[in-house]
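Per-entry structural report
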Amino acid sequence: MPSPLNILLVDDEVVRAAMVEEALMAEGHRVICRLTSPASLNEMVERHQPDVVIIDMESPDRDTLESMALLNRENPRPVVFFADQHDSDTLQAALKAGVSAYVVDGLVPERVEAIVEVAIARFDAFHSMRQELDKARNQLAERKRIERAKGLLMKHQSCDEEQAYRMLRKLAMDRGQRIAEVADSVIDILDRLNPPLESPQGRSDQRGSRS
């Protein structure tokens, strides 16, 4: 049996929202917040910390898309959107805004459980992929900073690449820091000791302005 979920429900029809809440409760879940508009969606998610967000509207307008995009940036959650109307452009905009499952033909209480499970699975897969991508980007950025630090050490200490790397590694061990952190310190210090030389063109322009 799936673990009970805390759900934030957005639905401007009171009777339908009550039916959905009843169906969710029958499956062991709990609606911890019910909104009639997504205007305060991000704020309410931050306050109540739901596991899933369910939105039931005729179609997401621009304000709704902006609210979902803000949520996806600041408090990402699996979002299930039930729409009464189908439009390809709106569907793509909703998915881009962070919707995990977009269901046309409105909300049917009996289908909610299965759709929520799919939305959570999609969200988890996408979130994991995004974390892996961020990790790869950070590792690449760190490697670039380490290479730059080695280059500065090679120039400043008149040493080869292996010796420069050993210096970074020893500093990291002595300080109890990662090599990338030490590389940042080295870059900062050596850049200040050796500021970029002004271009000949720049000096020529300055002489011209003084004359």
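How each quantity is defined
- Residues numbered from 1 in each chain as written.
- Predicted model: local features only at pLDDT ≥ 70, side-chain atom pairs only at ≥ 80, totals over all residues.
- Heavy atoms only, no water.
- Salt bridge = Lys/Arg side-chain N within 4 Å of Asp/Glu carboxyl O.
- Helix = DSSP H or I, 4+ residues; strand = E, 2+ residues; numbered from the N terminus.
- Buried < 20%, exposed > 50% of the residue type's maximum accessible area, 1.4 Å probe, protein only.
- Pairing = 2+ DSSP bridges.
- Axes fitted to C-alpha atoms, helices over the stretch in contact; angles between N-to-C directions.
- Contact = heavy atoms within 4.5 Å.
- Core = buried A, V, L, I, M, F, W, Y, C linked by side-chain atoms within 4.5 Å.
- UniProt positions renumbered as here; feature names shortened; annotations may be inferred.
- 1 Å grid on protein atoms, 1.4 Å probe; cavity = no way out; pocket = protein on both sides within 12 Å on 5 of 7 lines; lining within 4 Å.
- Points joined across faces, edges and corners; volume = space filled by probe spheres on them.
- Nonpolar A, V, L, I, M, F, W, Y, C, P; charged D, E, K, R; others polar.

Once that is clear, we can look at the pattern of salt bridges. Inspection of every chain in the model, using the stated rule, returns 14 salt bridges. A salt bridge links Arg 47 to Glu 43, with the shortest nitrogen-to-oxygen separation between them at 3.1 Å. One end of the pair, Arg 47, and the other, Glu 43, are both in helix H2 (residues 41-48), 4 residues apart, so they sit about a helical turn from each other. Residue classification places Glu 43 among the partly exposed residues on the basis of a relative accessible area of 44%. In this structure, Lys 150 and Glu 161 form a salt bridge, with 2.8 Å as the shortest nitrogen-oxygen distance. Note that Lys 150 is positioned in helix H5 (residues 112-157) and Glu 161 in helix H6 (residues 161-175), a separation of 11 residues in sequence. Using a relative accessible area of 6% as the deciding quantity, one classes Lys 150 as buried.

Read from one edge of the open sheet, 5 strands run E2-E1-E3-E4-E5, paired in parallel fashion. Bordering the open sheet on either side are strand E2 (30-35) and strand E5 (101-104), each of which pairs with just one other strand. Across the sheet, the mean angle from the axis of one strand to that of its neighbour is 20 degrees, orientation sign disregarded. Strands strand E3 (52-57) and strand E4 (79-83) of the sheet are contacted by helix H3 (residues 62-74), whose axis makes an angle of about 165 degrees with E4. Helix-sheet contacts for H5 involve E3, E4 and E5, and the interaxial angle to E4 is about 135 degrees.

Within the largest apolar cluster, 20 residues are counted, with the highest numbers of intra-cluster contacts made by Leu 8, Leu 41, Val 53, Ile 55, Met 68 and Phe 81. For this core, the elements supplying multiple residues, two or more each, are strand E1 (6-11), E2, H2, E3, H3 and E4. Once residues lying within four places of it in the same chain are set aside, the contact partners of Phe 81 are Ile 55, Met 57, Ser 59, Pro 60, Thr 64, Met 68, Val 99, Ala 101, Tyr 102 and Val 103. Among the nonpolar cores identified, the runner-up in size contains 17 residues, and Leu 9, Leu 24, Val 31 and Val 116 belong to it.

This paragraph deals with the UniProt feature "modified residue: 4-aspartylphosphate" (unreviewed entry) in the protein chain. Per the UniProt annotation, the sites labelled "modified residue: 4-aspartylphosphate" (unreviewed entry) are Asp 56. With respect to the element layout, Asp 56 can be found in strand E3.

Let us look at the layout of surface pockets. Empty space within the largest pocket amounts to approximately 180 Å³. Lining the largest pocket we find Asn 72, Leu 95, Lys 96, Gly 98, Val 99, Ser 100, Arg 122, Phe 123, Phe 126, His 127 and Arg 130. Among the elements that make up the lining of the largest pocket, the one with the highest residue count is H5 (5 residues). Among the residues forming the lining of the largest pocket, the class breakdown is 4 nonpolar, 4 polar and 3 charged.

Right, let's talk about empty space enclosed by the protein for a bit. Inspection of the entire model under this criterion finds 1 cavity of 30 Å³ or more. There is about 30 Å³ of room inside the largest cavity. Met 68, Leu 71, Asn 72, Arg 77, Val 79, Ala 97, Gly 98 and Val 99 are the residues that line the largest cavity. Looking at the lining of the largest cavity residue by residue, the classes come out as 5 nonpolar, 2 polar and 1 charged.

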